[in-house]
Amino acid sequence: MRKWQRIVVTLLLLVEVAITLLPVLRDVPPIDRPTVRIRHGVRLAVCTMLLITAGSVLASVWLRPNTRIWLVPFAGTHLAAAGLGWAHALPVVTLVAVTSVVLVPVLVLLPTGRSQ
């Protein structure tokens, strides 16, 4: 993977973490409404999944730039996050997860040079 690809993947993951983390930090659910608390809990869980995955991906991308094995757990985690977002009516989570699961593998799997 070329350096510009690593930089773009890093920026995408940082934007993803920021977009999913800001609503969790901003919203504090009221105690008397359990459905809001469940939704907030799901959002927090999905944010934690994506944060841990982003950290492991960033470590893999910068420490071992030629490996691509991290794409499988990355895609699985993001598809699970998209499913949770869809099931619990969290459109921002779903949109961010689907966008990342499409853009990051496309960037990583781009050909690095001319074929021979």
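Structure first, text after, so check above.
Here's a quick rundown of the structure. (Residues numbered from 1 in each chain as written. Predicted model: local features only at pLDDT ≥ 70, side-chain atom pairs only at ≥ 80, totals over all residues. Heavy atoms only, no water.)

For helix α4 (residues 91-108), with 18 residues, the first-to-last C-alpha span of 26 Å sits near the 26 Å given by 1.5 Å per residue. Within α4, the full set of buried residues consists of Val93, Thr94, Val96, Ala97, Ser100, Val101, Val104, Pro105, Leu107 and Val108. (Helix = DSSP H or I, 4+ residues; strand = E, 2+ residues; numbered from the N terminus. Expected span 1.5 Å × (residues − 1). Buried < 20%, exposed > 50% of the residue type's maximum accessible area, 1.4 Å probe, protein only.)

Turning our eyes to something else, we now look at the packing of helix α3 (residues 71-87) against α4. At their nearest, the axes of α3 and α4 sit 7 Å apart, and the two run at 160 degrees to each other. The angle between α3 and α4 falls in the class roughly antiparallel. The chirality of how α3 crosses α4 is left-handed. Within the contact between the two elements, α3 uses Leu71, Phe74, Ala75, His78, Leu79, Ala81, Ala82, Gly85 and Trp86 and α4 uses Val93, Thr94, Ala97, Val98, Ser100, Val101, Val104, Pro105 and Val108. Here the residues of the contact of α3 with α4 sort into 14 nonpolar, 4 polar and no charged. (Axes fitted to C-alpha atoms, helices over the stretch in contact; angles between N-to-C directions. Parallel < 35°, antiparallel > 145°, perpendicular 65-115°, else oblique. Left-handed = near helix turned anticlockwise from the far one by under 90°. Contact = heavy atoms within 4.5 Å. Nonpolar A, V, L, I, M, F, W, Y, C, P; charged D, E, K, R; others polar.)

Below, the discussion takes up the side chain of Arg6. Structurally, the position occupied by Arg6 is in helix α1 (residues 3-26). Of the side chains with opposite charge, Glu16 comes closest to the buried, unpaired Arg6, at an N-O distance of 18 Å. Residues within four places of Arg6 in sequence aside, it is in contact with Met1, Val61, Trp62 and Pro65. (Lys, Arg positive; Asp, Glu negative; His and termini not counted. Salt bridge = Lys/Arg side-chain N within 4 Å of Asp/Glu carboxyl O.)

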